[in-house]
Amino acid sequence: MSETTHRTRTIEVLVGILATQVIVFALLFYILAEPERIEASQGQILDWHLDAAMTLYAGNCSVCHGLQGEGIGANPPLNSPGLQSMPYDELYKVIARGRFETAMPAWSKEDGGPLSDFEISKLAALIRAGDWQATGDRVVNLGLAPLIPFAADPDPLLLEQVAALPDGAVLQTAIQVYARQCVACHGADGLGTGIAPALNDLQVRAKPADELQRALLYGSPGTLMAGWENVLTPDETSALLVLIRRWDEIPGGAIPAPDVPVPVTTESLVLGEGLFAANCARCHGPEGQGTPRAPALNVKGFLTGVTDQALQQIVILGVPQTSMPAWGDRMSEAEIQAIVGFIRQWEPDAPEVAEPLRPGGGGGGGPPWLRDSQSGGQGRGQGGGRSAWAGQGQDQTTAGAGSARAGEAAGTALPADQHTGAGEGGQDGPPAWAGTGQEQAAYTTAQETSWRKDLDWRILLLATGGLSIAFTLIWLGFAALKGKRPEE
Amino acid sequence: MTEEGNPAPAPRSMFDRMRERLVPDGLPEDDRGRIRMVVNSLVLHLHPAKVPERTLRWTYSWGLGGLSAVLMMLLGVTGIILLNNYTPAVPQAYLDILELRSNVWFGELIRNLHHWSANLLIIVAVLHLVRVFLTGAYRPPRELNWLIGAGMLVLVLAANFTGYLLPWDQLAFWAITVGTSILSYVPLAGEWLSRLALGGPEVGGNTLLNFYSMHISFIPLLIFALMSYHFWRVRKDGGLTMPRGLDEAEPPISERVTTIPHLVRKELVFALAWIAALLVFAMLVPAPLEDIANPDVSPNPAKAPWYFLGLQELLLHFHPLVAGIILPGLAALAVFMLPFFDTNPASVGVYFRSRRGRSLTFLSAGLALVLTPLWVLLDEYLLNWSAWLPGWPALLSNGLIPLAVLLLPLFLLDEWLVRSFKADTEERVLFIAGFVFTAFLILTAVGIFFRGPGMGLYWPWELPVAGH
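Fair warning: this is a prediction, and the values are worked out from it, not measured in the lab.

What follows covers the overall build of chain B. From N to C terminus, chain B includes 17 helices and two strands. For chain B, the spread of C-alpha atoms along the three principal axes comes to 100 × 65 × 40 Å. Taking all 468 residues of chain B together, 36% fall into the buried category. Taking the contacts inside chain B whose residues are at least 6 apart along the sequence as the reference set, 76% of them involve residues at least 24 apart.

Right, dumping it as structure tokens:
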């Protein structure tokens with residue numbers, strides 16, 4: 001046997017021994033770690049199911065069982081210790097098959113509902129082990145927060161008028177109960193909403209009292225109407241029945257719509273801020289201070305006077321005859337609510353008087369009285385800086401935004417430097433309407449990208465690596481082909 | 001060891017009897033005994049009793065065929081274990097995988113081993129094919145074994161594809177949905193084929209059952225049968241082709257050494273080393289598992305299994321009939337017909353056949369490396385055949401015409417080789433195969449690493465990360 005085969009054999013034997021050792025020790029360590037791994041993956045899978053269950057809860061359950069499973073009116077709370085310790089099978093059965101003679105329908109696909117077995121079991125896990133605070137946040141982030149817990153304040157003047165009617169006291173009680181418990185679903189003045197029918201209605205008034213009473217006390221199976229037997233006193237029940245049958249006597253506007261503030265979470269505020277910067281800041285100013293194109297939003301008088309619902313309506317439908325477009329078909333409910341929530345959180349610190357940003361004419365920004373004297377040199381200087389920044393990318397952009405912020409923080413005393421300078425730069429970068437430092441900084445970060453900005457070391461590595469391999473191969477091929485021609 | 005020659009045989013223990021039953025002749029001590037052992041053993045009999053020492057070189061065969069067999073065995077063992085905890089039903093299949101992970105001892109390890117072995121097998125099987133191609137080892141008398149091997153590669157792909165669906169997660173569901181959608185473009189029988197494979201109009205419980213039964217019975221049985229035949233054929237055709245250097249004119253005469261221990265030791269060490277590596281890999285890297293399959297929510301991008309992404313990439317550029325049926329069909333046909341038109345026996349056993357062959361292969365790979373990405377970029381951003389040829393049927397404007405435009409340079413290159421370099425069939429085959437294979441590899445890489453949401457081009461580090 002030759003020297004090389006001998007060496008090969010030694011290497012092979014060594015590799016074989018090493019491989020065997022690796023197999024043995026790896027298996028040994030794995031066996032020791034296995035119980036821990038199993039436990040960890042059980043926890044991981046539970047978390048994963050709870051996460052999915054929160055979304056299911058937001059989409060299917062929160063409308064009746066409340067933002068955080070606290071229950072609404074007569075609908076039972078889900079965050080109770082009693083349910084947490086309920087056997088899984090029982091929970092599963094209630095969710096899958098529903099509860100007879102209550103508003104709880106069957107959710108299983110087998111029974112005509114929308115949920116699969118797997119989804120129902122996730123919901124059961126949520127009830128037994130869920131975090132209701134986080135669930136509430138999820139409901140809000142998805143824009144599915146229920147309207148129900150919100151009550152209206154009856155108009156006191158009209159309430160006085162009602163008292164003058166025959167049996168006025170009973171009607172007054174009924175209106176107060178309605179404004180507290182029913183208005184969220186059945187709407188202002190009992191005119192109905194998207195989720196519940198009108199009660200202030202001829203056909204309803206014509207129904208016999210016992211039928212109405214049955215619906216009120218025991219709910220209406222197959223609908224969202226829950227039974228209110230345990231929530232309302234007998235007096236309140238009979239008063240409500242009187243109200244329903246005599247609604248034509250009540251003056252309109254006695255029960256206004258409830259004010260439903262848009263709920264916010266940390267995530268929704270971040271989302272709202274981003275959406276505002278990308279969509280609204282262009283016209284309303286990056287801080288909502290308004291521009292000549294659109295009114296200020298960040299001002300006391302506006303924010304205190306408008307409800308969140310009205311804000312949502314404005315965003316969804318737009319304002320006809322103005323440049324405010326309808327955003328309803330471009331953004332989801334959750335996104336619009338996030339923007340409204342973001343606007344609303346300005347309210348505590350909102351200034352009494354708005355100071356809208358003004359674009360200057362002829363390329364210079366800032367107030368007109370400062371435009372001519374200073375803008376020339378300063379403006380061109382910053383304009384030059386801007387084109388350099390467009391080439392250099394991210395660092396400069398954030399610096400620009402930073403300086404814009406600083407300028408604003410300094411207040412209104414020296415707005416001209418910021419505005420004129422950046423305004424001049426606007427000629428070669430963003431369109432002319434980007435008249436001010438703040439706007440430019442906010443806008444260009446989102447809009448302006450240069451192909452050179454995308455270029456980083458990974459792309460260079462990929463391109464040079466690929467090309468050099470390719471050309472080496474081609475060169476090798478050609479060199480060899482030319483070097484050695486066939487003999488014949 | 002043996003008792004022969006002992007004047008007074010010692011009383012034999014129970015263990016002696018067992019050993020004698022298992023190894024009647026005792027462990028061999030000389031070459032004669034070793035040869036006898038190989039000849040008398042069912043498994044070892046796959047080998048000849050003696051092999052030329054030269055064919056044992058690592059750097060010739062790279063052990064790729066043997067590794068494929070090892071992986072097959074690993075897949076068989078882990079697969080049978082997995083069968084014990086799996087129900088091919090919706091949604092129980094997915095719940096079973098979750099349970100395998102969270103409630104079954106070593107369940108995750110077995111699944112990971114199965115998953116990674118299956119994926120490695122695809123790579124190894126393709127490399128095996130490439131090795132056999134480059135050394136011309138399919139030449140007569142080995143044509144039939146080449147066909148069997150190529151057929152097994154198809155079966156390995158089928159096994160992997162059917163197994164892909166079994167976890168019934170989003171990844172599985174959409175990869176199979178994308179992968180099977182090509183079936184409906186088969187001319188005439190498309191709809192029928194698609195329904196046959198899926199057991200319905202779309203991927204569902206019936207598909208799962210179909211794929212499951214294929215995956216655990218038909219395909220592995222067929223692979224086992226073909227694999228046995230493949231081994232037998234290797235022996236019948238004279239073992240491995242004799243490795244030869246580029247400058248050696250004649251196949252060298254190599255010293256023959258006994259299979260035991262020279263070949264068997266190599267095989268054992270090789271198998272052990274790969275099993276160790278796979279085991280450690282499977283312990284460290286879990287097989288992917290996403291949310292339960294949801295036909296209502298498609299991921300963006302929805303990609304086929306990674307080994308079909310080259311084809312999916314083609315689908316982005318061509319009419320489905322061209323990209324999904326004609327091109328792969330032609331490629332498969334070329335692979336299967338290869339031993340019947342490339343028959344030069346002189347260069348068997350030489351990597352790249354000759355110096356010129358090597359140059360041409362390098363040249364073609366280099367050209368493909370430049371031209372393929374260039375073409376992908378061009379087609380993505382500039383070329384728009386269907387808009388330039390309005391009113392033409394899509395099969396022409398988006399299929400055959402761009403295909404012709406694309407094949408023309410390849411044809412011209414081939415002509416140029418013939419005219420300027422007087423390339424023979426063998427060299428032309430090397431050049432074209434090198435080009436097409438490299439191009440396919442690059443398309444696959446583009447599909448895997450550069451296609452993001454909406455199947456747009458992205459940098460690999462910009463791709464969204466999915467899954468749990």
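This next bit is on helix α4 (residues 64-83) of chain B. Residues and elements named next belong to chain B. Counted at 1.5 Å a residue, the expected span for α4 with its 20 residues is 28 Å, and the 28 Å between its end C-alpha atoms agrees. G65, L67, S68, V70, L71, M72, L74, L75, T78, G79 and L82 are the residues of α4 that are buried. In this fold, the buried residues of α4 make contact with α3 (58-61), α6 (107-134), α10 (205-236) and α11 (259-284).

As a further point, take the domain arrangement of chain B. Residue and element names in this part refer to chain B. When cut into domains, chain B gives domain 1 (1-40), domain 2 (58-339) and domain 3 (352-468). Distance between the C-alpha centres of domain 2 and domain 3: 24 Å. With 24 residues of domain 2 in contact, the opposing surface of domain 3 contributes 28 residues. Of all the elements in the fold, those that place two or more residues in the side of domain 2 that touches domain 3 are α6, α12 (309-317) and α13 (320-341). Considering only residue class, the side of domain 2 that touches domain 3 consists of 16 nonpolar, six polar and two charged.

This brings us to the packing of α4(B) against α10(B). All names here are of chain B. Between α4 and α10, whose axes approach to 12 Å, the crossing angle comes to 155°. If you check the angle between α4 and α10, you find them roughly antiparallel. In this structure, α4 meets α10 at a crossing whose hand is left-handed. Side by side, α4 and α10 meet where A69, M72, G76 and L83 of the first sit next to I216, P220, I223 and M227 of the second.

Our next topic: the packing of helix α7 (residues 168-186) of chain A against helix α10 (residues 234-245) of chain A. Residues and elements named next belong to chain A. At a minimum axis distance of 8 Å, the contact between α7 and α10 shows a crossing angle of 100°. With respect to α10, the element α7 is oriented roughly perpendicular. Contact with α7, carried on its side by V170, L171, T173, A174, I175, V177 and Y178, involves E236, A239, L240, V242 and L243 of α10 and no other residues of that element. In terms of residue class, the contact of α7 with α10 is made up of 10 nonpolar, one polar and one charged.

How each quantity is defined
- Residues numbered from 1 in each chain as written.
- Chains lettered and ligands numbered in written order.
- Predicted model: local features only at pLDDT ≥ 70, side-chain atom pairs only at ≥ 80, totals over all residues.
- Helix = DSSP H or I, 4+ residues; strand = E, 2+ residues; numbered from the N terminus.
- Buried ≥ 20, exposed ≤ 12 C-beta atoms within 10 Å, placed from the backbone.
- Contact = placed C-beta atoms within 7 Å.
- Expected span 1.5 Å × (residues − 1).
- Domains from an automatic or database assignment.
- Nonpolar A, V, L, I, M, F, W, Y, C, P; charged D, E, K, R; others polar.
- Axes fitted to C-alpha atoms, helices over the stretch in contact; angles between N-to-C directions.
- Parallel < 35°, antiparallel > 145°, perpendicular 65-115°, else oblique.
- Left-handed = near helix turned anticlockwise from the far one by under 90°.

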